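# Coordinate analysis (summary)
Here is what each chain is made of, one letter per residue.
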Amino acid sequence: MVNFVFLTLIGFSLCLLLWGGLKALYSLWWRPKKLEKELKRQEIKGSPYILLYGVDLKEYINCITEAWSKPINLNHQITSRVVPYVKNLVQQYGKVSLTWNGTTPRLIIMDPKMMKEVLSEKNGNFQKPPLNPLILMLAKGLTVLEGEEWSKHRRIINPAFHQEKLKCMMPAFSTSCIELIESWKKLVDPTKGSCELDVWPEMGKLTADVISRTAFGSNYEEGKRLFQLQKEQILLVVEAMQMLYIPGYRFIPTKKNKRRQYLAKEINGILRGFISKREELMKTDSSSSTNDLLGLLLQSSYSESNGLTIEDVIEECKVFYSAGQETNSTFLTWAIVVLAMHPNWQEKARDEVERICGKKVPDFKDITHFKIMTMILNEVLRLYPPVVEVYRHTCKRTKLGDISIPAGVDLTLPILLIHHENEYWGDDADEFRPERFADGVSNASKDNQASFFPFGWGPKVCIGQNFAMIEAKMALAMILQNFSFELSPSYAHAPYTVMTLQPQHGAQIILHQL
């Protein structure tokens, strides 16, 4: 009897080992090679899958490490520094090329029509890719949701970005900008009338203050701790993502894992504090529930049976704090750097602001009349889009152009490369020419390809794009009214990506008070 039990256990164990081995063989070899064969049968070229190495991670890291090791010349030919690996693949294999993310094939789609098809698709065939759990520590709101949950959150948040709401936000925009201008005036040396300033952290403070006021009714000082924690959290997550992903490793109590857990707990705690204060205020002042994003979110959680939970509200707050502030600060930083590189356009923008506003603070009507400013900002977004790539994943077999893409394939849409591609923008694609947007976005690119995706495309286009443009116009207009600026000799031109396109060594300018 004992022997029978013993033999049964051994047999069961061997079956489990065999099952595990077959499952591993399927995941690590049979499935990737099957997908590779199917894609290459359709004449898609790219790097081959290699067992236990099939991830191109090592080559990718080596590529960007070398590219980011030194600044580049003062021009807008930045693609080889920012996205060297993807650029090399496209040059080697073509507009639709194959690489690997571990055992998952990844197609790089370098064709505007196909990109629009992916971003406009409404049946859920192209979804956001399965995310590294570390990314979900940053936020689980609108930017990562799909399906009915995404639709519900989008419907609830949308009213906060309607034109009438944005008009109501103008006092908050102007207050934050006035405080920025006054702080810069104090830095100016009265004998020289100028000073050196790194505008990268300054724009971070400004956009943080704007978002704090418009979304939560507070200001930068109240949210300062939150922004500091989120910045550190993003850096730790990016660092972890550059290493080979090992399931469950994040639970091992290493120093950095413990720090990530601590940051997540602290950030949630701060946001719960904001929410508690607002809930108390809403008990005595019902109008406070519709004045900003937090009020709208809380109102939905109270008034709808299927509204947002408090946990949902916290996650959406994290999205708006991190994504909105981070992208807007990089947008404004590159706008100032580019105008410092092109003083003739700086003067054109200043003349327009003075003609429309004089010395008064711009209002919403003034901003709608900024034509030159709009052209400049669109050209900055073309050359330096805050998000350089968009990612999708096929959850079932999907037709894209002439390609049949099986389920389980990642897609990379290289926005930065498209924005710098001569085929769509002409031989001067790497030059700063705002006049290309004189007749609007749809007529800016060559042959009307509409190869312009700074805020995405289709039904999931960035919800905050109008917010970002108004903020940028207000900030730049007030800076131009009070200062002229040029690049500092200490500035090193080194765009690189940490979630967004950032200046690796800061953005130092010489500020001259007018």
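Residues numbered from 1 in each chain as written. Predicted model: local features only at pLDDT ≥ 70, side-chain atom pairs only at ≥ 80, totals over all residues. Heavy atoms only, no water.

## Some points on the side chain of Ser329
Tracing the backbone through its elements, the reader meets Ser329 in helix α14 (residues 310-341). Accessibility expressed as a relative area gives 1% for Ser329, which makes it buried. Within the local environment of Ser329, its side chain forms a polar contact with the backbone oxygen of Glu326, the two atoms lying 3.0 Å apart. Once residues within four sequence positions are removed from consideration, Ser329 is found in contact with Trp200, Met203, Gly204 and Thr207. (Helix = DSSP H or I, 4+ residues; strand = E, 2+ residues; numbered from the N terminus. Buried < 20%, exposed > 50% of the residue type's maximum accessible area, 1.4 Å probe, protein only. Polar contact = N/O pair within 3.5 Å; in protein donor to acceptor, adjacent residues only side chain to side chain. Contact = heavy atoms within 4.5 Å.)

## A short note on the environment of Val353
With respect to the helices and strands, the residue Val353 is situated in helix α15 (residues 343-357). A residue is classified by how much of its surface remains accessible, and Val353, at 1% relative accessible area, is buried. With residues near it in sequence (within four places) discarded, Val353 still touches Gly358, Phe370, Met373, Ala477, Leu480 and Gln481.

## Quick word on the layout of surface pockets
Of the volumes computed, that of the second largest pocket is approximately 390 Å³. Only α8 (163-168), α16 (364-368), α17 (371-383) and α20 (465-482) provide two or more residues apiece to the lining of the second largest pocket. Here the lining of the second largest pocket gets five residues from one element, more than from any other, and that element is α20. The residue inventory of the lining of the second largest pocket, partitioned by class, reads 13 nonpolar, six polar and one charged. (1 Å grid on protein atoms, 1.4 Å probe; cavity = no way out; pocket = protein on both sides within 12 Å on 5 of 7 lines; lining within 4 Å. Points joined across faces, edges and corners; volume = space filled by probe spheres on them. Nonpolar A, V, L, I, M, F, W, Y, C, P; charged D, E, K, R; others polar.)

## Section: the confidence of the model for the chain
Chain-level statistics for the chain give a pLDDT mean of 84 and a share of 86% at 70 or above. Mean pLDDT across the elements of the chain ranges from a minimum in helix α6 (residues 133-138), with 64, to a maximum in α17, with 97. (pLDDT = per-residue confidence, 0-100.)

## With respect to the packing of aromatic side chains
The way to describe two aromatic rings as a pair is by their centre distance and the angle between their planes. Evaluation of the coordinates by the stated rule reveals 12 aromatic pairs. Ring centres of Phe161 and Phe467 lie 6.2 Å apart, and the angle between their planes is 75 degrees; on these two criteria the pair is classed as edge-to-face. A residue pair is termed long-range when its members are at least 10 positions apart, and Phe161 in the loop between α7 (147-157) and α8 and Phe467 in helix α20 qualify at 306 residues. Neither residue differs from the other here; Phe161 and Phe467 are each classed as buried. (Phe/Tyr/Trp six-rings, centres within 6.5 Å; stacked < 30°, edge-to-face > 60°.)

## A short note on a nonpolar patch on the surface
A cluster of nonpolar side chains, contributed by Leu28, Trp29, Trp30 and Leu51, occupies part of the molecular surface with about 390 Å² of accessible area. Note that Leu28 resides in helix α1 (residues 2-41). Using a relative accessible area of 34% as the deciding quantity, one classes Leu28 as partly exposed. (Patch = residues over 30% accessible without salt bridge, like charges linked within 9 Å, V, L, I, M, F, W, Y side chains within 5 Å. Areas by Shrake-Rupley, 256 points an atom, 1.4 Å probe, with all protein chains shown as cover. Salt bridge = Lys/Arg side-chain N within 4 Å of Asp/Glu carboxyl O.)

## Quick word on the packing of helix α12 (residues 255-284) against α14
For the pair α12 and α14, the least separation of the axes is 10 Å and the interaxial angle reads 110 degrees. The angle between α12 and α14 places the two elements in the roughly perpendicular class. Taken as a pair, α12 and α14 cross one another with a handedness that is right-handed. Of the residues in α14, those touching α12 at Ile267, Asn268, Leu271, Arg272, Phe274, Ile275 and Glu279 are Ile310, Glu311, Val313, Ile314, Cys317, Lys318 and Tyr321. (Axes fitted to C-alpha atoms, helices over the stretch in contact; angles between N-to-C directions. Parallel < 35°, antiparallel > 145°, perpendicular 65-115°, else oblique. Left-handed = near helix turned anticlockwise from the far one by under 90°.)

## Concerning the sheet that holds strand β2 (residues 96-101)
In space, the six strands of this open sheet follow the order β1-β2-β3-β9-β6-β4, with mixed pairing throughout. One side of each edge strand has no neighbouring strand; the edge strands of this open sheet are β1 (45-46) and β4 (126-127). Across the sheet, helix α4 (residues 84-93) lies against β1, β2 and β3 (104-109), angled at about 135 degrees from β2, the strand it touches most. (Pairing = 2+ DSSP bridges.)

## Things to note about the pattern of salt bridges
Two side chains bearing opposite charge may form a pair once their charged atoms approach each other closely. Per the counting criterion, the structure on display carries 24 salt bridges. When the shortest N-O distance is used, the salt bridge between Glu182 and Lys185 registers 3.8 Å. You can see Glu182 and its partner Lys185 sitting in helix α9 (residues 170-187), three residues apart, about one turn around the helix. The class of Glu182 is partly exposed, set by a relative accessible area of 39%. With a shortest N-O distance of 2.4 Å, Lys360 and Asp366 are connected by a salt bridge. Judged by its relative accessible area of 40%, Lys360 falls in the partly exposed class. You can call Asp366 buried: its relative accessible area is 8%.

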